Amino acid sequence: MLRKVNQLKRKQLVVTLLSGLSFLVLGCHVTASADDNQDPTIANVVFKPTSELNLTNYVYDTVDPKSTRFHQYLTPDEFAEKFGQPDNYITGFQKYLAKHHVKSFAYRGNLSLKVYGTHQNVNRAFNAKYVKEKGQECKTTYRLPGYLSKQVVAVMGLDQAKPNHKKAAKLKSHQKAAVDQFQAAATEGSIAANGNKPDITSFGNRFSKKYGVLKFANQYQLNQLYDKGLAGQGQRIGIISSSDFYNRDLKVYWHQAGVDNNLGRIHRIYTADNRKNIQRRLNLAMTSPQIEATLDVQMASSVAPKADVDCYIGDNGDDITTSATAHYMSFMQAISDNIDKQLSTSFAPTIELKSQWHDHSLTMAQYNHAFNLMLEQAAAQGITVFRASGDSGASERASSKENHAFSTSPYQVIVGGTTLPYTKIVNGKVITVSKERAWGNTDGASSAEIKSGHFSGSGGGFSALNETPRYQQGVSGINTFRAITLLNYHPTTSKYTINKDPNIITGTGTGRNLPDVAGNADIQTGYATYFSGNEASFETGKIHSVFKKYWIMSGGTSYTSPQMAAANAVMNSGRRIPVGFWNPQIYQFAQQSDSPFNVLDSPDSNNLYFTGQPGKLYNQAAGLGTINFGKLYNKFNDQSRSN
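Residues numbered from 1 in each chain as written. Predicted model: local features only at pLDDT ≥ 70, side-chain atom pairs only at ≥ 80, totals over all residues. Heavy atoms only, no water.

Time to look at unusual backbone geometry. Here the residue pair Phe-406 and Ser-407 is connected by a cis peptide bond, since its omega of 25° sits within 30 degrees of zero. Structurally, Ser-407 can be placed in the loop between strand E14 (384-388) and strand E15 (413-419). The omega angle of the peptide bond from Leu-514 to Pro-515 is 5°, so this bond is cis rather than trans. With respect to the helices and strands, the residue Pro-515 is situated in the loop between strand E24 (513-514) and strand E25 (517-520). Non-glycine residue Asn-110 carries a positive phi angle of around 60°. A relative accessible area of 8% places Asn-110 in the buried class. Backbone geometry at Asn-479 places phi at a positive 65°, although glycine is not the residue there. Looking at the element boundaries, Asn-479 is found in the loop between strand E19 (461-462) and strand E20 (480-484). (Helix = DSSP H or I, 4+ residues; strand = E, 2+ residues; numbered from the N terminus. Buried < 20%, exposed > 50% of the residue type's maximum accessible area, 1.4 Å probe, protein only.)

So this is what it looks like as structure tokens:
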């Protein structure tokens, strides 16, 4: 995951690139002009299931070998019949919107409705009002007829009134944003000039063992499944992204790593803006989201070289909706399509802090509820969802309080990061890691990290929004913790400094514990990535571009998440029925004598705060630990045979 922070603040727009997670946060809007009111916008309506308790029970039953519902996955249409709103209700809602000249699309499953039209018509249909109370954030209120509103969980994306400025100025503003985004990414590119560039004179297995898929596969015993002839054949992997990428970059990477150069297995689904606008922005300048999307696809397509990869691209660069809505729509489209039995994302719309929430038509808690319902539909359909935990330890943004990338839903596998063993000189210091440990170490901090007050480590801790799920309750190490105060937070500067006299803290916590599992993510033991594009500067009101190509060594949990999803596709390629919702199953496996997990419980294994808990199965630095995929595959298969 790209681990640089860059903020561009303008009157109406704040773009933040943090820890490889792409954030597009919209602040309070001014009154729209008449022309702006005719611009397009997208909102989403989220509906209640027929019974939330019954839905949750069904999700757990699908992965319980003792249940008659074990592996009885639903199609989206079956889900709609069992848990979604009735067709006549959905049709009635659509007819109401059509009266206001607003179009709509019902996602299969009948839990959500995509709404699109002009700002004026959408706002009229929802009786939307923009409210600014003194000393408070902006918010949007809406009102629907009673027969429609009583089945609504939330409406998102309604606060998208366009600022009163000319379109030409808007384009320039987006160009400036794109250039500033590139500056954050270019810092990563400079790593190559500092001696950390991969050796591109090596090809195929030699390159892959040192920099790519075989490094992952050999470390975590996925090679045992390759030896069985399993490579993801017959499977599709869904990547939830907020940027497009170049096919040429995939071909260069595949050629170097010895992966089949078949672009026919890469598919793009544009879920927010259209293809033409998104590719126009892609061609403007290299950005961190582009690099993030590129590495996600490179990792997934290489770990499962015979699987198709479907990229759900929620690029919202022209502000036609909120980032939270775009992120939700990409997931909802993938789940509605139901062709990918494994999904992965390294993107998030924000973090779990109310002060950072900027879709004012719903609260953070409402969005979290809507997201959980959506992922429950995925689980009921047998889809396994993976999410990167983040790259800044327990705090994804400088804050004295623990905070995490959104969403921390319990219906997904949250993937943390580790460091592989190595000895090398890092920033003038000899660093030795004798065995794999959680990713987070201040000893090798660079002068740039120290100056910025931003340090790298695996995301982990306790969710602020989600309760401890059923599958974690009673597991050794859950809701207890051991931590070390390696960093001090300074609220006046919003930065961290290294604590010269750290203390050990132990205690208890509440909420969904994260991550669930971990894999190599440290840049010092990381992976190669290739990307290209226009390196741009913004001078005298004009864009100046030079085409550049980069090979870099990088790391982050955005490598581990698509790798895990692809490993799941490899396992599924050897099965008749998908493994489905991992979490209730893997927490059971972890408590068995022949566990497929390598627990990283050492006290010196930390993510900049949380450490291993000696003798306990779980810790908030590395979750259950790393995976032996050979053993995990057998565990899933043994369950199926015994049923």
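After presenting the structure, the write-up continues.
Before going further, it helps to examine the packing of helix H13 (residues 323-337) against helix H14 (residues 364-380). At a minimum axis separation of 10 Å, H13 and H14 run at an interaxial angle of 15°. On the basis of the axis angle, H13 is roughly parallel to H14. The handedness of the crossing between H13 and H14 comes out as left-handed. Counted together, Ala-324, His-327, Tyr-328, Phe-331, Met-332 and Ile-335 of H13 and Tyr-367, Ala-370, Phe-371, Met-374, Leu-375, Gln-377 and Ala-378 of H14 form the full contact between these two elements. (Axes fitted to C-alpha atoms, helices over the stretch in contact; angles between N-to-C directions. Parallel < 35°, antiparallel > 145°, perpendicular 65-115°, else oblique. Left-handed = near helix turned anticlockwise from the far one by under 90°. Contact = heavy atoms within 4.5 Å.)

Let us now look at the nonpolar core. Grouped together as the largest cluster of nonpolar side chains are 112 residues, with contacts concentrated most on Trp-582, Ile-586 and Phe-629. The element that contributes the greatest number of residues to this core is H14, accounting for 10 residues. With residues up to four places along the chain from it excluded, the contact list for Phe-629 reads Phe-216, Tyr-220, Gln-221, Leu-222, Leu-225, Met-564, Ala-567, Met-571 and Trp-582. Of all hydrophobic cores here, the second largest spans 19 residues; its members include Ile-90, Tyr-96, Ala-125 and Val-155. (Core = buried A, V, L, I, M, F, W, Y, C linked by side-chain atoms within 4.5 Å.)

Right, let's get into the packing of helix H1 (residues 52-61) against H14. Axis separation between H1 and H14 bottoms out at 9 Å; the angle between their running directions is 45°. As judged from the angle between their axes, H1 and H14 are oblique. Along this stretch, H1 crosses H14, giving a crossing that reads as left-handed. Taken together, the residues of H14 that come into contact with H1 (itself represented by Glu-52, Leu-55, Thr-56, Tyr-58 and Val-59) are His-369, Leu-373, Glu-376, Ala-379 and Ala-380. Residue classes in the contact of H1 with H14 are distributed as 6 nonpolar, 2 polar and 2 charged. (Nonpolar A, V, L, I, M, F, W, Y, C, P; charged D, E, K, R; others polar.)

Pairing is antiparallel across the open sheet formed by 4 strands, whose spatial order is E5-E6-E4-E9. Looking at strand neighbours, the two that pair on one side only are strand E5 (103-106) and strand E9 (152-156), the edges of this open sheet. Across the sheet, the mean angle separating the axes of adjacent strands is 20° when strand polarity is ignored. Here 4 bridges tie strand E4 (residues 40-47) to E9, and the two strands are oriented antiparallel to one another. Looking at the pairing, Asn-44 lines up with Met-156 of E9. On top of the sheet, H14 reaches E4 and E9; it is set at about 110° to E9, its chief contact. (Pairing = 2+ DSSP bridges.)

Turning to the side chain of His-327, a few remarks are in order. Looking at the element boundaries, His-327 is found in helix H13. The exposure class assigned to His-327 is buried, which follows from its relative accessible area of 8%. Residues within four places of His-327 in sequence aside, it is in contact with Ile-240, Thr-345, Phe-347, Ala-348, Pro-349, Tyr-367, Phe-371 and Arg-387.

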